[in-house]
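Structural description and commentary
Read off the chains here:
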Amino acid sequence: MFLITCPYCGARDEHEFGYGHEAHIVRPTPAEYEQMSDAEWAQYLFMRKNPKGVHFERWVHTKGCRRWFNVARHTVTHEILAVYEMGKPAPQIDTEKK
Amino acid sequence: MVEAYQRRSALNHFGLAARANQGGHATAGVILGESAHRTIINIRGDANDAAFTNAVKSVTGVDVPTKANTVNKAGEVSILWLGPDEWWVVTTPDRSDELVPALRQAFQGQHAAVIDVSESRTVITISGAKARDVLARGISLDLHPQVFGPGQCAQTGMSKCNVLLHQTDDKPSYDIYVLKSFSDYLWQWTEKIATNFGLAIGA
Amino acid sequence: MTAQKNRLGQGGRIDRTKPLRFTFDGKIYYGYQGDTLASALLANGVTLVGRSFKYHRPRGILSAGAEEPNALIQLGLGDRTEPNLRATQIELYDGLVAESQNRWPSLTTDFGAANSVIQKFIPSGFYYKTFMWPAKAWMFYEKFIRQAAGLGKGPTEQDPDRYDKLYASCDLLIIGAGPSGLATALAAGRTGARVILVDEQQELGGSLLSERTAEIDGKAAADWVAAAVAELTAMPDVTLLSRTVAWAYYDHNSVSLMERVTDHLGPVAGANQPRQRLWRVRAKEVILATGAIERPLVYSDNDRPGCMLASAARTYANRYGSMRGQRAVIMTNNDGAYRTALDLTDAGVTVFAVVDLRSNPQGELVKAARAKGIEIIAGHAITGVKGKLAVTGVDVMPLTADGKGVTSASRHIHCDLVLSSGGWQPTVHLHSQTRAKVVWSDDIQAFVPGDKLPGQNNRSIGGAHGVFRLADCLAEGHAAGSEGAAKLGFGGQSGQAPTVSDEPAEEALLPVWIVPSDKPVGQGGKHFVDYQNDVTAADVMLAHREGYRSVEHLKRYTTMGMATDQGKTSNVNALAIMAGLRNVEIPSVGTTTFRPPYTPVTLGTFSGIDKGDFLDPIRKTAMHQWHEQHGAVFECVGQWHRPYYYPKPGESMHDAVNREVKAARTGVTIVDATTLGKIDIQGPDAAWFLNMVYTNAWTKLEPGRCRYGLMLGEDGMVFDDGVTSRISENHFHMTTTTGGAPRVMSWLEEWHQCEWPDKKVYFTSVTEQWSVMALNGPLSRKLLEELTTDIPLDDDSFPFMSFKDGHLAGVPVRIFRISFTGELAFEVNCKPSHALHIWRALMQAGEKYDITPYGTEAMHVLRAEKGFIIVGQETDGTITPYDLGMGWIMAKSKTDFLGRRSLTREDTKRPDRKHLVGLLTDNPNEVLLEGGQIVAHVKDKPPMDMIGHVTSSYYSPNCNRSIALALVKNGRNRMGETVYLPYEGKVIPARITEPKFFDLEGKRING
């Protein structure tokens, strides 16, 4: 079971959290999406990274403060390399790290 | 005015008052009870904005706790930290009708919110030398006195329910806030565990 | 009566004043308090304890611990019987009943042993090769094979025992309480760090409990253990757990333990205690002091009862005093086995000889053995074992100069105990469970832990990482404890490291993976590698010949390393043999990745008390008891229990639902609607937000008014619906579906926090702040009027889709005029603590109108008569509002809302998607099956082209016929067409209609 450090409540067991999806996906504005082809829209809507290595992803502290936040997690070792608040840029991490 | 008999606590049907009279408190490892009808008011706002914190203080007499997982208390009113912009004002029963409008009035002109949630939860109280042993069966938080003590609170899971846990003294005693629809389950679950540690029912 | 013929006259940690009676295969024996079943059986001279899995070979006790592959026992009777327990780990108690397994009719006469005669014809892979063709026949073969293969038997009754589970946290979790673990615990505990020390055995001490001569800090090993345990016990923040196995090491230092709380007391003693306890520990650092497991040598017929690990015999003699009168021959490739030779001799056990595979061993222990008069036969091998049900002797031959063969000069030694030692494999299981690597050590010819995984914080010490000298283990333990505590900020003194004097130096071991015999491997005797799965060296060779050469293939082809022991004594031997065949280094064959559990775990511990009523929370509304008292049948809606219908005496479900449905359209009815999700929304951007999450427009909704909304995912598919009301300019009250409540709350928060954090709005779940009871029916207004003085109920003052605050039956309420039935309806919202009072007041006042409570089934029928959808029933995540025929709810003027862009995707705007339609069967009494597939053309047998399915189907008493809703391809363009529902044995025709069946003009909403 992961130990995830909520940026607000501190370290808690994984069962308190919900996994969202890949982080840093920005919703196109109506002006943008009106111009997008179906294929481009599908990129935003459906296509997600699935790296073997560091993954930037969004979690929510469901049983705690209900805040969403970002996690950089290694998908093989499950090492949590960073936890940072929503709206903050992704930290510089060697994403090739094995 | 509603007659007392018309108002029922969530755990009323377990006959706790009668059971509290059966005694055994002196030797019990754990004392369980219900603290019903508590006033619980959810407030949202910006803790860095003095207007907000002043408004809360002016109505409740309590400073808004900005440290995570802590509780500030003055007189009969406590404010519990729920999140970076969310708190509960908790006090004795039947004060929502007075406090909710007062807070709303005090927040005029700010982006802050007030909503009464008193009726959504009941409070299971647990106290005694073996209280931690009972809680460890359902809560994954580290409740060792060096880590979690009086004046601290946490929203977490207990058994299969979401709760807010608040340690109120170092006996230790805790308040467990739980949604009423889950309260039957959580009470019975806790009681079954507590039976193994010497259980008495508190008044 | 308590004669134990092989019990030594003195010594051991057993309590000879407490004899215990037990039975094995129906025969009565006695042992002592402190025995394991294995040590007691050995003390009674019982060496035959089981039959092997495949060949039904007679087997004895191999080991003295968790690695035992042979001595698997059926323990206990009736509802408490438990199969496949290791006799080496069963603590003896008075009245213990044990049975051997995998034999019929008895252990000495076993018909299954015929497999042994035909063993040439059932080599590895036999089952795969023979029974997998034709593919279909496996189903037929399987049950016979399973029957023949079964080991023990599970109980058929419910488990009567109580189980406990809990969470725990600590600074250091130390796994293994041998010398390394104890030294760690002392060093860390003295600093004030919070320590949990666990050991799977009944006593802490590990290998020290089997020591006869070792001294630590000038004390006998056992005395040092006692002093250490006493010191640790006195530390308030140190938890000592014996009889506790750390069976799983999960992410981020999360370790699962199973404590056997009362197993050692027998089945009756557990009344006030749980039988077993699951600990879920989160540690800041984990110290793996799990020791090492001795490897058996792979020699001819090495599985005969009486063949044992050298260290096990030492444990049985020293710790349990149970090897009296035995006559042993020891074969070894290392110095360690000489400790067994010395200790057995000191204990009075005859050691005829040590057969050393090395040509000229000169270590200090070897010299000590020689000085004691023990014969050392160097450069020799045991080439055969005599005796079938018990060892009667061994053949010993000189090894050739290259060590790969033997010369013919044979010597026979009569004995009843053959001990072997092939070196030691560190117990790396928990390290490996973290998915960290293990690496090969040439020094000790074994796998040792590699680097720990990032994100875990652990350290292997002592035997667990290949350090075997006692002094080194103690020093490492002390260092791990003091450094671990210091890193975590505990500055206290950790005291002196324990010291050992005069520990003899040892020479290197000689790797010998197959002990040669006078016949080629595979002919003559069997060289067992994996005892539990009956895998021999010849099977490994066969796997190699057939191309199954990597560890993964080897394991699956031969079944090596599977079952309860998971190859604890066999993995390295098998890998090494394969490496030899492939002529490569051992690690290049691969290594085994160990997964939980280390040893089998009782399922009861996973549930603890969370079974029966505690399996999952049952959510109840404030009116639940009333429903129960009035005969409601309940339906599970998520975790909620909701009244399904309220049968009167003698009524069937059909009768009751019809009565309830009719009452809603003729009189007045009441339904508990508390479970709907409710979300309080406040802030200046609240209306903006609603415009984004709903498809319709919200800006102009007036305070006091309500509006229905559909919520879409960004993919344009419907995912929730509900009515939202405007309390004041910046304050809304949203309702969601019962099942969707948490999902919608999370959805709103995610968009707010992650995408639009600048918008000024707050969301709070108030689902349980309100109890809700809906009154439906033409008489509902009349009833309410009797109970309120401050809420005007006429259409002008209180129009449809508005709400009013006031009082009902003397308590505050908020009443919404909304309707899920199409009837005149009022939803009364009140405080849950008042709910029962109001409900009773309504029932009392409504008696004269024959007020009818109804449940979820009637609710569904009523809304289906009107064609109202239920999200999750008419929708399944692939349905757009247009598919539902709800284009009217799509705001054309809005430039943005969630899902908007997706509705113009080529696939989403197709005119021939599946549409919501009604279905009317030709036979009005035929009620279609929900989920039933629809076809346009019937063929004589499947497959047929399916064009849709039935989403809702009921008998409607108000329409006097069956009605159904369905999703049908291009359905709106098929009005009036007949489609077919092929069922088993019949085909039902139905006509496509509009999805609405009653009150088509919508006139009834005002009563």
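What counts and how
- Residues numbered from 1 in each chain as written.
- Chains lettered and ligands numbered in written order.
- Predicted model: local features only at pLDDT ≥ 70, side-chain atom pairs only at ≥ 80, totals over all residues.
- Heavy atoms only, no water.
- Helix = DSSP H or I, 4+ residues; strand = E, 2+ residues; numbered from the N terminus.
- Rg over C-alpha atoms; globule rule 2.2 N^0.38 Å.
- Buried < 20%, exposed > 50% of the residue type's maximum accessible area, 1.4 Å probe, protein only.
- Contact = heavy atoms within 4.5 Å.
- Areas by Shrake-Rupley, 256 points an atom, 1.4 Å probe, with all protein chains shown as cover.
- Domains from an automatic or database assignment.
- Salt bridge = Lys/Arg side-chain N within 4 Å of Asp/Glu carboxyl O.
- Polar contact = N/O pair within 3.5 Å; in protein donor to acceptor, adjacent residues only side chain to side chain.
- Buried area = accessible area lost by both parts, 1.4 Å probe.
- Nonpolar A, V, L, I, M, F, W, Y, C, P; charged D, E, K, R; others polar.
- Disulfide = S-S within 2.5 Å.
- Expected span 1.5 Å × (residues − 1).
- Pairing = 2+ DSSP bridges.
- Axes fitted to C-alpha atoms, helices over the stretch in contact; angles between N-to-C directions.
- Phe/Tyr/Trp six-rings, centres within 6.5 Å; stacked < 30°, edge-to-face > 60°.
- Core = buried A, V, L, I, M, F, W, Y, C linked by side-chain atoms within 4.5 Å.

A tally of regular secondary structure across chain B gives five helices and eleven strands. For 203 residues, the compact-globule estimate of 2.2 N^0.38 gives 17 Å, and the C-alpha radius of gyration of chain B, at 17 Å, lies within 12% of that figure. Each principal axis of the C-alpha distribution contributes one length, and for chain B these read about 55 × 45 × 30 Å. Expressed as a percentage of the 203 residues in chain B, the buried residues total 59%. Considering only residue pairs separated by 6 or more positions, chain B has 64% of its internal contacts joining residues 24 or more positions apart. Here chain B has roughly 7900 Å² of accessible surface; of this, 48% comes from carbon and sulfur atoms.

Residue and element names in this part refer to chain B. Each domain of chain B was delimited in the assignment, giving domain 1 (6-35 + 121-201) and domain 2 (39-118). Of note, the centres of domain 1 and domain 2, computed from C-alpha atoms alone, are 25 Å apart. Each side of the interface is counted separately: domain 1 has ten residues, and domain 2 has twelve residues. For R7, the salt bridge goes to D94, with nearest N and O atoms at 2.6 Å. For the interface between domain 1 and domain 2, the tally reads four residue pairs in polar contact (both at pLDDT 80 or more). Going through the elements one at a time, β8 (153-158) and β9 (161-169) are the ones with two or more residues in the side of domain 1 that touches domain 2. Sort the elements by how many residues they give to the side of domain 1 that touches domain 2 and β8 lands first, with three residues.

Our focus in this paragraph is the environment of A20 of chain B. Among the structural elements, A20 of chain B can be located in helix α1 (residues 16-20). Setting aside residues up to four positions removed in sequence, A20 of chain B forms contacts with H25, I201, G202 and A203 of chain B.

Tallying the contact residues gives eleven residues for chain A and 16 residues for chain B. When chain A packs against chain B, close to 1100 Å² is buried across both sides, 41% of that on carbon and sulfur atoms. Taken together, chain A and chain B are joined by three salt bridges. There are nine residue pairs in polar contact (both at pLDDT 80 or more) connecting chain A and chain B. Per-class residue counts for the side of chain A that touches chain B are three nonpolar, two polar and six charged.

With that settled, consider the state of the cysteines. Here a disulfide denotes a covalent bond joining the sulfur atom of one cysteine to the sulfur atom of another. Counted under the stated rule, the structure contains zero disulfides over all chains. No disulfide involves C307 of chain C; its nearest neighbouring cysteine sulfur is the one of C415 of chain C, lying 8.3 Å away.

Next up on the list: the pattern of salt bridges. Using the criterion set out here, one finds 72 salt bridges over all chains in the structure. A salt bridge links E231 of chain C to R190 of chain C, with the shortest nitrogen-to-oxygen separation between them at 2.7 Å. On the criterion of sequence distance, the pair formed by E231 of chain C in helix α6 (residues 221-233) and R190 of chain C in helix α5 (residues 179-190) is long-range, its members being 41 residues apart. Residue class for E231 of chain C comes out partly exposed when judged on its relative accessible area of 30%. Across the pair E786 of chain C and K848 of chain C runs a salt bridge, and its minimum N-O distance is 2.8 Å. Within this pair, whereas E786 of chain C is found in the loop between α20 (780-785) and β40 (803-808), its partner K848 of chain C is found in the loop between α21 (832-845) and β43 (852-853), the two being separated by 62 residues in sequence. Exposure remark for E786 of chain C: the relative accessible area of 37% places this residue in the partly exposed category. Under the relative-accessibility criterion, K848 of chain C is labelled exposed at 57%. By sharing partners, the salt bridges in this structure join R66 and R67 of chain A, R44, D85 and E86 of chain B together with E749 of chain C into a single network.

Taking 1.5 Å of rise per residue, the 16 residues of helix α5 (residues 180-195) of chain B would be expected to cover 22 Å, and the 22 Å separating its terminal C-alpha atoms lies within 8% of that figure. Within α5 of chain B, 13 of the 16 residues are buried, leaving the element largely enclosed by the surrounding structure.

A few words on the interface of chain C and chain B. By a frequent convention, interface size equals the accessible area lost on bringing the separate parts together. The interface is formed by 45 residues belonging to chain C together with 44 residues belonging to chain B. Linking chain C to chain B there are three salt bridges. D142 of chain B serves as the salt-bridge partner of R194 of chain C, at 2.8 Å between the closest nitrogen and oxygen. For the interface between chain C and chain B, the tally reads 23 residue pairs in polar contact (both at pLDDT 80 or more). Among the secondary structure elements, those contributing two or more residues to the side of chain C that touches chain B are β8 (163-175), β34 (677-682), β38 (762-765) and α21 of chain C. Sort the elements by how many residues they give to the side of chain C that touches chain B and α21 of chain C lands first, with six residues. Of the residues in the side of chain C that touches chain B, the class split is 16 nonpolar, twelve polar and 17 charged.

What follows covers the environment of K620 of chain C. Note that K620 of chain C resides in the loop between α15 (603-607) and α16 (624-629). Between the C-alpha atom of K620 of chain C and that of Q639 of chain C, which follows or precedes it by 19 residues, the distance is 8.7 Å. Setting aside chain neighbours within four positions, we find K620 of chain C in contact with S181 and D184 of chain B together with W640 of chain C. Within the structure, K620 of chain C has its side chain in polar contact with the side chain of D184 of chain B (distance 2.8 Å).

Residue and element names in this part refer to chain C. Reading across the sheet, the five strands line up as β2-β1-β7-β5-β6 and stay open at both edges, with mixed pairing between neighbours. The two strands at the open ends of the sheet, each matched to only one other strand, are β2 (27-33) and β6 (82-86). Direction aside, the axes of adjacent strands within the sheet are offset by 40° on average.

Here we come to unusual backbone geometry. In this structure, the amide linkage connecting P596 of chain C to the following residue, P597 of chain C, adopts the cis form with an omega of 0°. For P597 of chain C, the position within the fold is in the loop between α14 (571-582) and α15. In this model, P942 of chain C is joined to P943 of chain C through a cis peptide bond whose omega is 0°. Mapped onto the fold, P943 of chain C is located in the loop between β45 (933-935) and β46 (946-956). For H78 of chain A, which is not a glycine, the phi torsion comes out positive at approximately 65°.

Taken as a whole, this structure holds 32 aromatic pairs over all chains when the rule is applied. Relative to W87 of chain B, the ring of F52 of chain B has its centre 5.5 Å away and its plane inclined at 40°; by these criteria the two rings are tilted. Placement of F52 of chain B in helix α2 (residues 50-60) and of W87 of chain B in strand β5 (residues 86-91) is noted, with a sequence separation of 35 residues between them. Here F689 of chain C and F763 of chain C contribute two aromatic rings whose centre-to-centre distance is 4.9 Å and whose plane-to-plane angle is 65°, an arrangement assigned as edge-to-face. With F689 of chain C in helix α18 (residues 686-693) and F763 of chain C in strand β38, this residue pair connects regions lying 74 residues apart in the sequence.

All right, on to the side chain of S180 of chain C then. Structurally, the position occupied by S180 of chain C is in helix α5. With residues up to four places along the chain from it excluded, the contact list for S180 of chain C reads A289, I461, G462, G463, C473 and G477 of chain C.

Our focus in this paragraph is the nonpolar core. Ranked by size, the top nonpolar core spans 58 residues in total, and within it F24 and L37 of chain C carry the most contacts. Per-element tally for this core: the top contributor is helix α8 (residues 337-347) of chain C, with six residues. Residues within four places of L37 of chain C in sequence aside, it is in contact with F22, I73, A87, I90, L92, L96 and A98 of chain C. With 33 residues, the next largest nonpolar core counts V30, I139, F182 and A194 of chain B among its residues.

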